[in-house]
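Survey of secondary and tertiary structure
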Amino acid sequence: MFKKIVVFSLISFAFLIGCSDDSSSSDTVWEQKSQMLTNWSDNFIIPNYQNLSDRLSDLENSVAAFNTDPSLQSLEDVRDFWLQAYKTWQHVEMFNIGPAEQTFYHLKMNVFPTSVSNIENIISAGNYSILDNSPYNSAQGFPAMDYLLFGIAEDDASIINLYSSNPNYGNYLTEIMDRMVINTNYVVNEWSSYRSAFISSVENTATSSANKMTNDFIYHYEKGFRANKFGIPVGIFSGGNIYPDKVEAYYNKNVSRTLALEAMDAIKMFYNGNGNPSLKQFLDNFATDEMPNLSSDINTQLDLCKSSIQGLDSNFVNQLNNEYLEMAATYDIIQAGTVLLKTDMLSVLQIATDYVDADGD
Amino acid sequence: MILEINNYLKRSTASSKLAVFRICFGLMMLYSMLRFWSKGWIDSIYIAPKFHFKYFGFEWAQSLGEYTYLLFVVCILCAVLITIGLWYRLGMILFFFSFTYIELIEKTTYLNHYYFISILSFLLVFLPANKCFSMDVFLRKKQYKEIPQWTVDAIKLLMVIVYFYAGLAKINSDWLLKALPLKIWMPSKYDIPIIGETLLQQEWVHYAMSWGGMFYDLSIPFLLLYRKTRFFGFLMVVFFHIFTAILFPIGMFPYIMIVSALVFFDGNTHDKIIKFLNKMIKPIGSLWSTVTYDSISQYHYKRLKGAQWILCVFFIVQLALPFRYILYPSELFWAEEGYRFSWRVMLVEKIGYTNFKVVNKTTGASFYVRNGHFLTDLQIKQMSFQPDMILEYAHYLGDHFKNQGHRNIGIYAESFVSLNGRSNQQFIDPEVDLLLEKKSFKHKHWIKPFKDEIKGF
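Predicted model only: the values in this text are computed from it and were never measured.

Along its length, chain A carries 13 helices and zero strands. With the C-alpha coordinates aligned to their principal axes, the bounding extent of chain A is approximately 95 × 45 × 35 Å. Within chain A, buried positions represent 52% of all 361 residues. Summarising the internal contacts of chain A: among those between residues at least 6 apart in sequence, 78% fall at separations of at least 24. Mean positive and mean negative side-chain charge positions of chain A (20 and 44 charges, respectively) differ by 4 Å.

What follows is the structure, given as structure tokens:
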């Protein structure tokens, strides 16, 4: 009797699996996720890191030229390449995964506001190795360069004068430039071997790359984009006390909106996958009957964010000093996107949002 | 009727039944505790957090800091005592108190099966599970062949309640008519071999699992109770729980339920198990057999009436508690008023996103709180969709900021929750100052009404 039951259930089980296979001419979930990871690594992560590496290389050359011959022209060159690289960075910031995560790379590239006192202390003491310590993360990377290129003296002439008269400034600029290049190239090089591990980690666990990358994307939207670029300067976490000096590229005074829009585009491109499988396609495939339009709702919200940012002053410092409530309104629109990503999207994707390992029931 | 009850209460059964149950329970608890320890959860759940969520009325159950490890040591020692049946009553009482205390420290880790362990260990305190094959028998040189039938039936009744109520809870429109939340959960199990990419992706499988799960929970108590279907029922128990163990991260629960189901088998089966265990411990067994016991046919309680009354009240509470949700006007799955302690397992997929705004009521200035400063990731996740925790945390924040010197503040929640794949909806009334709301069992008027309807139990 028992044997019969076992045999019968095995046969019917095999039959069921056989039946369910033929209906799906489309790819299995595993294959879809695999394609998504391949798309992320080959069309987003690796090319963007490579792009950043190239831009930093240009920047490095211009810094060397500036140091040899500080002039208005060579300073402008450095500034141009700095902005090019900073814009590219906005496409990389969400990829805090693998070699970047292991080396705390992101913390060395774009922690702002930069610490002017730390920078000045290191310049006068010349003790560069102190930059290895985490409290000095904000004394390097793009924000430190922002200060060194735009804020270190009253006007362009006095900036050039400073670099010509005291080599310590040029040396420090070279030091943080080298660090940015070395740290970035390390990540770029590691990716050639990390790639296969990344795209093969398809399973649904808190540590698989599919899940980690999705979590990183959401984290970037919430922290790097929403809080750092908007929430903190506009005083969301500080009782309405606005902090114009906590704006990204504060010393440049003119590109905070450009960088925010670049980050916005990067977020939207990643979400949509640029024609290949990404989060949007997944939401379409797994849409629940209750929210069939979730994937386009998210796009609508991201578009709203973009147009709201476009309405702000190109310099967020001016925006905060004149009409900070407009920027607070932009924050609210971005916040509505966070809600969509963290509740609706996660509910459909069924991805563990944290690394907490605990039993459920 | 009264005569029948009296006759029933006088019936007796093999003492080996409770002995086997005791040994299984002890071993399971021993393993569970060691597993919990080895995963580092004692620290991450009970020691590391700055703030612990409390059950209403049990705010006194504070974390013991590093000494929480001692609490687990007590639990582990008790599990050993229970397994070998040494000082059984004392071990069981201490186990009940230490285990329950641990659960009371932190509410965000509430699981139905921890609650099950708590009340089961309470029940076991009153049952003669050490009258056969135990160190107590060895030391007192008295063993009993039989114990009252009702003592075994008490465990069966508790299990019947767990299964049957879990089945009743599945009779709702989301579970049966929409196959929710299984329809959301199963496709994400694509990484399970063989069935992950095939069966679990099929919608009809989600419906079959929903209906099957409901019928399983409702019928399994009766399949186990009825002699002719018992073996089949047990196979079902094994299959079902192993299946859920593969699908969900539910720890030890499936195994605890499987071994607990042994209690439904007759005395012969248990005698065989005891014989088998006797063989296993042969080295010590020789010592065992040199002692002569007074073999007494039936065990009689010293304070029978007291035990019976306590258990009577216990079961009335168990039967009534899951229905307390009727007293609340809100949607049960949404507001979770009367949700816990009711065997509602695996019924909802809920994700919340909740932020708190601290407002200076004099100036109108406000700022938002970074939850990560105060809570662990697990706490944030659980708090974000459970109103009682949102309120408790708001009061904690209120105290924190008042201590920092903020005066005349209000705390408002901006909370969005998605339930069973529905679009997120505002969860807490953002106009309500939570500092003005008190913790209580009363209906929480500041929970926004659910915009949909879920019919059923």
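Our focus in this paragraph is the overall build of chain B. Looking only at helices and strands, chain B features 19 helices and seven strands. Its C-alpha atoms give chain B principal-axis dimensions of about 85 × 50 × 50 Å. A buried classification covers 58% of the 457 residues belonging to chain B. When contacts within chain B are restricted to residue pairs at least 6 apart in sequence, long-range pairs at least 24 apart make up 73% of them.

With that settled, consider the pattern of salt bridges. Residues and elements named next belong to chain A. Going through the model one piece at a time under the given rule, you end up with 26 salt bridges over all chains. The partner of R179 in a salt bridge is E175, and the shortest N-O contact between them spans 2.8 Å. Here E175 and R179 lie together in helix 8 (residues 167-200), a separation of four residues that amounts to about one turn. A single burial state applies to R179 and to E175, both of which are buried. Here E248 makes a salt bridge to K229, at a shortest N to O gap of 3.1 Å. With a gap of 19 residues between them, E248 in the loop between helix 9 (209-231) and helix 10 (256-272) and K229 in helix 9 connect regions that are remote in the sequence. Assigned by exposure class, E248 and K229 land together as buried. Three or more residues are tied together by salt bridges with common partners; here these are E76, R79 and D156.

A few words on the environment of I45 of chain A. All names here are of chain A. Locating I45 in the fold gives a position in helix 2 (residues 29-68). Look at I45 and you get buried, because its relative accessible area is 0%. Sequence separation between I45 and S238 is 193 residues, and the spatial gap between their C-alpha atoms is 34 Å. What I45 contacts, discounting residues up to four positions off in sequence, is W40, F95, W191, F198 and M213.

Here we come to the packing of helix 2 (residues 16-38) of chain B against helix 4 (residues 68-84) of chain B. Residues and elements named next belong to chain B. Two numbers describe how helix 2 lies on helix 4: the axes approach to 7 Å, and their chain directions differ by 155°. Considered as vectors, helix 2 and helix 4 are oriented roughly antiparallel to each other. Where helix 2 crosses over helix 4, the two elements pack in a sense that is left-handed. Taking contact as the criterion, the partners of R22, I23, F25, G26, L27, M29, L30, M33, L34, F36 and W37 in helix 2 are, on helix 4, Y69, F72, V73, C75, I76, A79, V80, I82, T83 and I84. Of the residues that constitute the contact of helix 2 with helix 4, the class distribution is 18 nonpolar, two polar and one charged.

Let us now look at the nonpolar core. For soluble globular proteins, the rule of thumb is that nonpolar side chains tend to be buried together. F95, L123, F356, Y393 and L434 of chain B are the most contacted members of the largest nonpolar core, which totals 146 residues. Per element, the largest residue contribution to this core is 14 residues, and it comes from helix 8 (residues 149-169) of chain B. If we skip the residues at most four places from it in the chain, L123 of chain B touches A154, I155, L158, L311, F314 and F315 of chain B. One finds L56, M109, Y163 and V234 of chain A within the second-largest nonpolar core, a separate group that totals 109 residues.

Here we come to the sheet that holds strand 3 (residues 294-298) of chain B. All names here are of chain B. Pairing is mixed across the open sheet formed by three strands, whose spatial order is 1-2-3. Of all strands in the sheet, those with a lone pairing partner are strand 1 (12-14) and strand 3, marking the two edges. Between one strand and the next, the sheet's axes are offset by a mean angle of 30°, whatever the strand orientation. Pairing between strand 1 and strand 2 (residues 142-148): three bridges, direction antiparallel. Each residue of the ladder has a partner; that of A14, found in strand 2, is E146.

Below, the discussion takes up helix 9 of chain A. Residues and elements named next belong to chain A. Here helix 9 contains 23 residues, and its C-alpha end-to-end distance of 29 Å is more than 12% below the 33 Å for a straight helix at 1.5 Å per residue. Maximum bend of helix 9: about 35°, positioned at H220. The element helix 9 is largely enclosed, with a buried count of 21 among its 23 residues.

This paragraph deals with the packing of helix 12 (residues 230-247) of chain B against helix 13 (residues 253-260) of chain B. Residues and elements named next belong to chain B. Running from amino to carboxyl end, helix 12 crosses helix 13 at an angle of 175°, the nearest separation of the two axes being 9 Å. The angle between helix 12 and helix 13 places the two elements in the roughly antiparallel class. Here helix 12 contributes F234, V237, V238, H241, I242, T244 and A245 to the contact with helix 13, which in turn contributes P254, Y255, M257 and I258. Of the residues contributing to the contact of helix 12 with helix 13, the split by class is nine nonpolar, two polar and no charged.

Residue and element names in this part refer to chain B. Together, R89, R140, K142, K302 and R303 line one region of the surface with positive charge. Note on placement: K142 falls in strand 2. The exposure class assigned to K142 is partly exposed, which follows from its relative accessible area of 38%.

Here the focus is the interface of chain A and chain B. Counting residues at the interface gives 48 residues for chain A, matched by 50 residues for chain B. Buried surface at the junction of chain A and chain B, summed over both partners, amounts to about 4,100 Å²; 59% is from carbon and sulfur atoms. On the surface where chain A and chain B come into contact, there are two salt bridges. In this structure, K178 of chain B engages E290 of chain A in a salt bridge whose closest nitrogen and oxygen atoms are separated by 3.7 Å. Applying the counting rule to chain A against chain B returns 13 residue pairs in polar contact (both at pLDDT 80 or more). Taken together, the elements giving at least two residues each to the side of chain A that touches chain B come down to helix 1 (2-23), helix 2, helix 9 and helix 13 (316-349) of chain A. When residues of the side of chain A that touches chain B are assigned to their parent elements, the largest contribution, 10 residues, is made by helix 13 of chain A. When its residues are assigned to classes, the side of chain A that touches chain B shows 18 nonpolar, 16 polar and 14 charged.

The rules behind the values
Residues numbered from 1 in each chain as written. Chains lettered and ligands numbered in written order. Predicted model: local features only at pLDDT ≥ 70, side-chain atom pairs only at ≥ 80, totals over all residues. Heavy atoms only, no water. Helix = DSSP H or I, 4+ residues; strand = E, 2+ residues; numbered from the N terminus. Buried < 20%, exposed > 50% of the residue type's maximum accessible area, 1.4 Å probe, protein only. Contact = heavy atoms within 4.5 Å. Lys, Arg positive; Asp, Glu negative; His and termini not counted. Charge placed at Lys NZ, Arg CZ, Asp CG, Glu CD. Salt bridge = Lys/Arg side-chain N within 4 Å of Asp/Glu carboxyl O. Axes fitted to C-alpha atoms, helices over the stretch in contact; angles between N-to-C directions. Parallel < 35°, antiparallel > 145°, perpendicular 65-115°, else oblique. Left-handed = near helix turned anticlockwise from the far one by under 90°. Nonpolar A, V, L, I, M, F, W, Y, C, P; charged D, E, K, R; others polar. Core = buried A, V, L, I, M, F, W, Y, C linked by side-chain atoms within 4.5 Å. Pairing = 2+ DSSP bridges. Expected span 1.5 Å × (residues − 1). Bend = angle between axes of the 7 residues up to and from the residue. Patch = residues over 30% accessible without salt bridge, like charges linked within 9 Å, V, L, I, M, F, W, Y side chains within 5 Å. Areas by Shrake-Rupley, 256 points an atom, 1.4 Å probe, with all protein chains shown as cover. Buried area = accessible area lost by both parts, 1.4 Å probe. Polar contact = N/O pair within 3.5 Å; in protein donor to acceptor, adjacent residues only side chain to side chain.

Take it as geometry only, folks, not as evidence of what the structure does.
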